[in-house]
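The residues making up each chain are set out below.
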Amino acid sequence: YDQMLQAIERKRLNIRLETQFIKPRMSIPKEFMLCPLGSSDKFVRIVDNQLLVQSREDALGVAFQEFFQAAKFSLWWLPEVNNMCRLRARETAGQGMEGGINVSFTFEAGQEEDDSIESACELSSDQDMKRCNLIVSASPFSQGAYRFEGAFWPGRYMAYRSPEQLRMAGKVDEGNDVADFVLVDFSAAYKFMTTSEVLKGAVDSQGKAEGGYVKLSDLRADLQVRLYFQQMLGSAVWNNKDFETFFEGHYEEWDFDAKKSRVRMRPDGPLMRQAAAKSSVNGASQSPMDVDGGAGSTAGTASPEPSGLGETLSTSNSQAATVKLLLDANGDDLARLSHSAAVPVLSRLAEKSEASADKLQNLTAARRRFLITLPVLLGEGKKDRRRDSLPLTTLFSMHKDVTAIKSFEKELSDACEGAVESISELIGTRVRHVPEEVSLEMLPELLSLPLNWRAVAEPLADALSPLLKNQKPGVLLQPLRTACKLPKSARPIAEALAGVELRGIAYAEGSVAAEILLALAEHNCQISTVASKLRPPLLQRLPLPDLVSIVAALGEQGLKDDLLRPPLQAKVAVAGPGLALVPP
């Protein structure tokens, strides 16, 4: 869209791009949609054997797949002249085969010089070179856009004339006609799906096409939905409140049951009418993202590993090669990569690069694309998170790689946070099901992650129990401080660490013992036990300033004065010069 705005401004100022090095044969997709420059929502379509330029709003009631199938074109390249071709409806001829239905036009002999004479663009099986041969050239105003000039009619270009006509006309740069068309790769058609169409596909894929209800939790976990939000909208999937707002705003399409957090397509609504019309034509329902096997296709029994992509990524020997593969890959294929392929890819992306500015832009784009796909790849939201596939050490390595990328690319913070949340969920699952993998070395990093502590805290505390025996006092002080700052649901971990430190505190140095007691007192953890430790012989080893801080912290937590005054009075009575060190 921004590119189109810039092109329109260049055209207004008559600023032209250098196009002599652009090779249309190499650049134009094999199958594409024709989008007039400046009208990013409109496409050339075949409607009742006529060529019309329409947006989705112009074709109300037409389903997604039906709309874009009618907008699919290809070129048949001719050898006579460089960049000479025929523009044909894609479905009317096989790939690599001549013939089919071509875009054609009619001019009479002797009209070559009169550029005021126009012709309508029509569909015809006629192979007459004067009627259907075109010369394609790059647009002088927009990158990625092209013009189609009559091969035997110089100066006559295929042009869009509002509201929906397609003409062969001259003087296109002087009037309001648009002769420049962006050729959108047909595999990207799914990017033009509406949110309702994506949700309809998810409902269909769960076997509820006949009007049954689907839980919002199942809808949010659907792969189609996750890909749409993460790759198209660049955001996390909506929460239940957001979905409720959407369904209420589209009540004519959706019947939302707020009490049970479930939804269905309204039986008499437009989505069900489209499905019924499509079923009567095709005899079966199909997911709207299955556009001729396009990039958005996720329904059915697709294999979990895209053919060749995982192996190619795993064996790529450089960061640059990995970046190119990621940028060229189909989005759905990326989402089905195996874990064994994803780990080395992430590691390679986390490498620091000293490449040129344009290569760094590609690296950023590849990092963003992989990071927003990673939660889907790891199975976020699914009941089976393939918990046996990645050990904790590998998951922590992935977390470090994501953290490294975040340090290089501040603009990728949101994508990195989403990846960290998904990795953390897998780590939590792994802790619950394979607790023997937990080690004390992992503890600081474990405590820093956004884990579901309600589910993880007790299993982690149980896993730590045999590892905490015979630890010297103070060794666990830093993890203890971190654990005390976690939500209340993580309290079993703090209690386990506190128990170990308190059991060995009698043998700790005075300053170490004071740090342990102060950390517990400040975070309201086992404060009764802390107060009971303020007696000889430990009391004599505690520095007076630290004792004062401990007593003050216990007082703030609500312990009564009669428990706190005796140890402080006893210490002050023998403190002598130490009183000078007590803070005012």
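Residues numbered from 1 in each chain as written. Predicted model: local features only at pLDDT ≥ 70, side-chain atom pairs only at ≥ 80, totals over all residues. Heavy atoms only, no water.

Re the overall build of the protein chain
Within the protein chain one finds 25 helices and 16 strands. At a minimum sequence separation of 6, the contacts of the protein chain that also span at least 24 residues come to 65%. Accessible area for the protein chain stands at about 28,700 Å²; split by element, carbon and sulfur atoms hold 50% of it. (Helix = DSSP H or I, 4+ residues; strand = E, 2+ residues; numbered from the N terminus. Contact = heavy atoms within 4.5 Å. Areas by Shrake-Rupley, 256 points an atom, 1.4 Å probe, with all protein chains shown as cover.)

A look at the confidence of the model for the protein chain
Confidence along the protein chain averages 81 in pLDDT terms, with 86% of residues attaining 70 or more. Here residues 280-307 is a poorly scored stretch, pLDDT under 50, and it has 54 contacts once near neighbours within four places are set aside; other chains count. (pLDDT = per-residue confidence, 0-100.)

Some points on the environment of Leu227
Along the chain, Leu227 turns up in helix α7 (residues 223-232). Note on Leu227: relative accessible area 5%, which makes it buried. (Buried < 20%, exposed > 50% of the residue type's maximum accessible area, 1.4 Å probe, protein only.)

Digging into the pairing of strand β11 (residues 157-161)
A large share of β11 lies buried, amounting to four of its five residues. Between the end of β11 and the start of strand β12 (residues 165-169), which pair antiparallel, lie three residues. (Pairing = 2+ DSSP bridges.)

Quick word on the nonpolar core
Within the largest apolar cluster, 90 residues are counted, with the highest numbers of intra-cluster contacts made by Phe370, Ile427, Trp453 and Leu554. It is helix α16 (residues 413-433) that provides the largest number of residues to this core, a total of eight residues. Setting aside its immediate chain neighbours within four residues, Leu554 contacts Ala521, Ile527, Val530, Ala531, Leu534, Leu559 and Leu564. The next biggest cluster of nonpolar side chains, apart from the first, holds 66 residues, and it includes Leu37, Leu134, Val214 and Phe229. (Core = buried A, V, L, I, M, F, W, Y, C linked by side-chain atoms within 4.5 Å.)

Examining the packing of aromatic side chains
On inspection of all chains with the given rule, the structure shows 17 aromatic pairs. Centre to centre, the rings of Phe247 and Trp254 are 5.4 Å apart; their planes meet at 55°, and the pair counts as tilted. Through a chain of ring-to-ring contacts, three or more aromatic side chains come together here, namely Tyr228, Phe229, Trp238, Phe243, Phe246, Phe247, Trp254 and Phe256. Note that Arg56 overlies the ring of Phe67, its terminal NZ or CZ placed 5.4 Å from the centroid. Over the aromatic face of Phe107 sits the side chain of Arg156, whose NZ or CZ is 4.7 Å from the ring centroid. (Phe/Tyr/Trp six-rings, centres within 6.5 Å; stacked < 30°, edge-to-face > 60°. Lys NZ or Arg CZ within 6 Å of the ring centre and 35° of its normal.)

Some words on unusual backbone geometry
Following Ser162, the chain continues into Pro163 via a peptide bond in cis, with omega recorded as 10°. Examined against the element boundaries, Pro163 turns out to sit in the loop between β11 and β12. For the peptide bond that leads from Pro536 to Pro537, omega is 5°, which places it in the cis range. Mapped onto the elements, Pro537 comes out in the loop between α22 (527-532) and α23 (538-541). One non-glycine residue, Ser261, adopts positive backbone phi at about 50°. In this structure, Ser261 sits in the loop between β15 (254-257) and β16 (262-265).

Overview of the pairing of β16
Residues Val263 and Met265 of β16 are buried on one face, while the alternating residues Arg262 and Arg264, pointing to the opposite face, are not. Summarising the sheet, strand β14 (residues 214-215) and β16 pair through two bridges and their orientation is antiparallel. Within β16, the residue paired with Lys215 across the bridge is Arg262. The sheet contact formed by β15 and β16 spans four bridges and is antiparallel. Across the sheet, the residue bridging to Asp257 is Arg262, located in β16. Joining the antiparallel neighbours β15 and β16 is a turn of four residues, in which Ser261 adopts a positive phi near 50°.

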